[in-house]
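Observations on the three-dimensional arrangement
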Amino acid sequence: MSIVYPKAHEVIVIGAGHAGCEAALAAARIGCKTLVLTANIDTIGLMSCNPSIGGVGKGHLVKEIDALGGEMGKAADATAIQFRKLNTRKGAAVQATRIQADRQAYRAHMKKALEDEPNIDIKMRMVEGFLAEGGKVIGVKTNLGESFFADSVVVTPGTFPNGLMHIGLTQISAGRAGEAAATGISNSFEELGFKTNRLKTGTPPRFDGRTINWDILEIQPGDENPKPFSFSNDKIEREQMPCYITYTNEKSHDVIRNNMDKSPLYSGLIKGIGPRYCPSIEDKIVKFPDKTRHQIFLEPEGNHTYEIYPNGISTSLPLEVQYEFARSIEGLENVEIMRPGYAVEYDFLDPTQLKNSLESKFVENLYFAGQINGTTGYEEAGSQGLVAGVNAALKVKGVKPLILDRSQAYIGILVDDLVTKGVDEPYRMFTSRAEYRLILREDNADQRLREIGHKIGLVNDEDYEKYIDKKKRLEKEFGKLEEVKIFPTDLVNETLKNLGSNSIKKPQTLKEILRRPEIKYEQLGFLQPDFKGEESQEIVSQIEMEIKYEGYIKRQFEEVSKFKKLEKVKIPKDFQYKDIPGLSNEIVQKLSKVRPESIGQAGRVSGITPAAISVLSIYIKKESELRKGSYSSSS
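**Overview of the packing of aromatic side chains**
The tally for this structure, following the rule as stated, stands at eleven aromatic pairs. Ring geometry for Tyr-464 against Tyr-467: centres 5.8 Å apart, planes inclined by 40 degrees, an arrangement best described as tilted. Remark: Tyr-467 and Tyr-464 occur in helix H12 (residues 461-483); sequence separation between them is three residues, near one turn of the helix. When sorted by exposure, Tyr-464 lands in the same class as Tyr-467, which is buried. Among the aromatic residues, ring-to-ring pairing joins Phe-130, Phe-189, Phe-194, Phe-362 and Phe-368 into one connected group. Sitting over the ring of Tyr-427, Arg-433 keeps its end group 4.0 Å from the ring centre.

**Notes on the sheet that holds strand E2 (residues 11-14)**
Here five strands make up an open sheet; going across it, the order is E7-E3-E2-E11-E22 and the pairing parallel. Of all strands in the sheet, those bounded by a partner on one side alone are strand E7 (120-124) and strand E22 (366-368). Each strand of the sheet is rotated relative to its neighbour by a mean of 20 degrees, with strand direction disregarded. In this sheet, E22 lies alongside strand E11 (residues 152-155) in parallel orientation, the contact comprising three bridges. The residue bridging Val-155 from the neighbouring strand is Phe-368, located in E22.

**Brief notes about helix H2 (residues 58-68)**
In terms of burial, H2 is largely enclosed, as eleven of its eleven residues are buried. Considered for burial, the residues of H2 that qualify are Lys-58, Gly-59, His-60, Leu-61, Val-62, Lys-63, Glu-64, Ile-65, Asp-66, Ala-67 and Leu-68. At the exit of H2 stands Gly-69, carrying a positive phi of roughly 105 degrees.

**Quick notes on the environment of Leu-354**
Tracing the backbone through its elements, the reader meets Leu-354 in the loop between strand E21 (342-349) and E22. Residue classification places Leu-354 among the buried positions, given a relative accessible area of 2%. Considered as a pair, Leu-354 and Val-419 are 65 residues apart in the sequence and their alpha carbons are 5.8 Å apart.

Thresholds, definitions, all that
Residues numbered from 1 in each chain as written. Predicted model: local features only at pLDDT ≥ 70, side-chain atom pairs only at ≥ 80, totals over all residues. Heavy atoms only, no water. Phe/Tyr/Trp six-rings, centres within 6.5 Å; stacked < 30°, edge-to-face > 60°. Helix = DSSP H or I, 4+ residues; strand = E, 2+ residues; numbered from the N terminus. Buried < 20%, exposed > 50% of the residue type's maximum accessible area, 1.4 Å probe, protein only. Lys NZ or Arg CZ within 6 Å of the ring centre and 35° of its normal. Pairing = 2+ DSSP bridges. Axes fitted to C-alpha atoms, helices over the stretch in contact; angles between N-to-C directions.

Structural measurements only, silent on function.
What follows is the structure, encoded as structure tokens:
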């Protein structure tokens, strides 16, 4: 017997991992009554794998989530046990923030954030399927025979759809250790007409820190002056914990080679494709046979546990082999395993079946976010969750969707890559995926996205006023640097020489002087005593970056201008590619499958040639002119 839940909701979010949390908070903060349905309330916001947030590319995503008004950056700051700025010796475009979090504190923070939001209801239910009517999803049904109705539904089930765990040759139906797989929802995807496939991810064993010989290992402390992830925070005062580094060796590798027949990855049991950039230790040994060692980061899982996460040795080998392998490593000779490592296979949807809003192309009001779209990582999931949650809410309110393009945000790149190119392996964000890296930096994410977040209702007035104050300070400081001049006096040129720079022969502004690679902002006072450099390090770093790379940044903005012109040339939804002579059958099939919204997006579809885009552009222009002519004659 079906039970209809009487309370009305506008948005339903299925799942409460990183995508689900951001989706629910976004929809609720925009003003929609939101229902979260999760199989286990105690695992809301759980960090299923490594206890870290951020990293190169991923840190950029977290900064953007925060700039738009999401929660991940705040949660990271509130629960971090170590902060590290990566790539500090490289260019600002690839510098990134990474934190180690207290896993249980992070989970508790996210759970409380959802519970504290008045527009969110949370219920512990397993969703079995969807309620659809006239090509639209109108609700969901659960394993308890209940029906919940809503105007929009966001699906964020993580690795649970038909999840299958592998430890050696043992297989367990589960989405992750100790939690049952979701089979009903996978079947319902096929009933709605979605194409699904299988992917695989994995996790390493967890060690008992009391059984590790820390004294002989290389220590990796956090930054002395940690910088917050969230633009809402000015400083970090949390006590930090160190990580440690050790390495595999030839003996370790021999153990794995001798037991490869027991690996489900190499015995044929695992069919799904795993992440290329986060391979298991078995994969590393097979694919890099000449490497004599592989680095392992030993990461504490929190302040109140001895559990250690050994980053770098994800495995699905049998438990007894995991012991033999681990105890061959320096510092781990007597280690005890608290939780075994495992691999998990799961269903995902081909994301080319989605629009840039992450709404399904053929089932209205249904949105997808996270690993269900073929991605890997908390940050990628959270980014999609925010986009899907925002757009599900905006759809309810009759407002056009939020679409971030590739020149605005890494989030825009992530979504565009998914819906345009699809995935054949778990997708992970890298800075190399960005065409305009110099203008998509961590430090200016608020300058790019804070206005948007405030306009749609995610950024509160207090945080917005803080952003406006920072913007004014930046503008004021840039103005001073452009106005204040120094003159070619003997004292000035002697000072420049002492600073390792060339003398000047005519007056120059402080901005022109600061453009020199060897000159730092804080040294400008030596050249012009009246100049008072009193700004925060955050402001100073951004000013130096903008000025020293000004020429390159200007060039990227020119490229963005060209990019936007192609994005503005829209392709009609009903456009028939098969009617264009000169396009091969393969190109017609690819364009018909993806149905790109613009000429720019069409050019990014895998396998589409520049020649095909030229032909397509001509026909789009002709059709546009014909439609205009038809409209004029009819009017």
